[in-house]
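Structural description and commentary
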Amino acid sequence: MGQKIFQIAVDGPSGAGKSTIAKNVAKKLGIEYIDTGAMYRAVGLKMHRLGIPMEETQPLLTMLADTDIDFSDEHIFLDGEDVSELIRTQEISKAASDCSAFASVRKKLVDLQQKMAKSKSVIMDGRDIGTVVLKDAPYKFFLTASDEERARRRYEELKAKGQNLSFEEVLKQLRERDYNDTTREVTPLRKADDAEEIDSTDMDIQEVVDYICGKVQ
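Let us look at the structure shown here. Values in this document were obtained by computation on a predicted structure and should not be read as measured data.

1. Focus on the sheet that holds strand β5 (residues 81-82)
- With antiparallel pairing, the three strands of this open sheet are ordered in space as β3-β4-β5. Looking at strand neighbours, the two that pair on one side only are β3 (69-72) and β5, the edges of this open sheet.
- In this structure, β3 lies alongside strand β4 (residues 75-78), joined through four bridges in antiparallel fashion. What sits directly across from Ile69, in β4, is Leu78.
- Contacting β3, β4 and β5, helix α2 (residues 36-50) crosses the sheet at an angle of about 35 degrees to β4.

2. A look at the pattern of salt bridges
- Under the definition given, this model contains 24 salt bridges.
- For the salt bridge of Arg175 with Asp147, the shortest nitrogen-to-oxygen distance reads 3.2 Å. Within this pair, whereas Arg175 is found in helix α8 (residues 167-183), its partner Asp147 is found in helix α7 (residues 147-160), the two being separated by 28 residues in sequence.
- The network of salt bridges with common partners includes Asp147, Glu148, Arg150, Arg175 and Asp178.

3. Re the side chain of Asp125
- Relative to the helices and strands, Asp125 resides in strand β6 (residues 122-126).
- For Asp125, which is buried and forms no salt bridge, the nearest opposite charge comes from Lys18, at a distance of 5.0 Å.
- Looking at Asp125, its side chain comes within polar contact range of the side chain of Tyr33, at 2.8 Å.
- With near-sequence residues (within four places) excluded, Asp125 lies in contact with Val10, Lys18, Ser19, Ala22, Tyr33, Ile34, Asp35, Thr36 and Gly37.

4. Quick notes on the sheet that holds β6
- One open sheet accounts for five strands, arranged β2-β6-β1-β7-β8; its pairing is parallel. Edge positions in the open sheet fall to β2 (32-35) and β8 (196-199), since each of these has one partner strand only. Between one strand axis and the next, the sheet turns through 20 degrees on average, direction left out of account.
- Bridge analysis of strand β1 (residues 7-11) against strand β7 (residues 139-144) gives four bridges, and the strand direction is parallel. Considered in β7, the bridge of Ile8 is made with Tyr139.
- Set on the sheet, helix α1 (residues 18-29) makes contact with β1, β2, β6 and β7; between it and β6 the angle comes to about 175 degrees.

Definitions and cut-offs
- Each chain carries its own residue numbering, running from 1 in the written order of its sequence.
- It should be noted that, the model being predicted, local features are given only for residues of pLDDT at least 70 and side-chain atom pairs only at 80 or more, the latter also being counted only at that level, while totals for whole chains, interfaces and linings use all residues.
- With hydrogens and water excluded, all non-hydrogen atoms of the structure serve as input to the side-chain values.
- For two strands to be treated as a pair, DSSP must find no fewer than two bridges joining them.
- In this text, helices come from DSSP runs of H or I with a minimum length of four residues, and strands from runs of E with a minimum of two, each type numbered from the N-terminal end.
- Whether two residues are in contact is decided by their heavy atoms, any of which lying within 4.5 Å being enough.
- For every element, the axis is a line fit to its C-alpha atoms; helices are fit only across the contacting stretch, and the angle between N-to-C directions ranges from 0 to 180 degrees.
- For this analysis, a salt bridge means a side-chain nitrogen from Lys or Arg found within 4 Å of a carboxyl oxygen belonging to Asp or Glu.
- Relative accessibility thresholds used throughout: buried, under 20% of the residue-type maximum; exposed, over 50%; partly exposed, between the two (1.4 Å probe, protein chains only).
- Counting rule applied: Lys, Arg positive; Asp, Glu negative; His and chain ends not counted.
- A 3.5 Å cut-off defines polar contacts: any pair of N or O atoms within that distance qualifies, except that in protein one atom must be a possible hydrogen donor and the other a possible acceptor, and neighbouring residues in sequence count only when both atoms are side-chain atoms.

Structure representation (structure tokens):
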């Protein structure tokens, strides 16, 4: 592929299939997948466990200074503990969205993400990868789909895990999250000027994976 170390940035709204697609691209290209959303979930989980209020205060800054997050074989480790399953509840999803609005949380995690990308070839997905975290990445994609299709995917995912939310509730939460992500003051969700937009409403996962891999190769 020419470059020894390269980066792929994948951005887009909640439920666009970013994580699944990024994981599959990573496997196909033999590079590391960094789930940045999971990193915010891990911070949300730690705040929840320690009873730190959802506001930017000294206890949050102290906690962040003493927080380590790492990945290995698609598992996320918070201070050495595998929290891959613990971060996937609706409660922690909301905590992740809330804490991602704090500048101190974003600075801490962006620093960690940029360090990872300097040491190895990576694909990262999130809300501000192409615009902030990997501004110089040679490959940038903005993945989206209709509200209803994204909510349907999320609903099926939750149902498979035994979480009984109605489709209407999932759609409402998704629209709230879209609003929060696009209107927040700190690095709101937007498509990078040099990113290619992919609408996956009528595409399956494999089609999107093949398309991205074709562009990179």
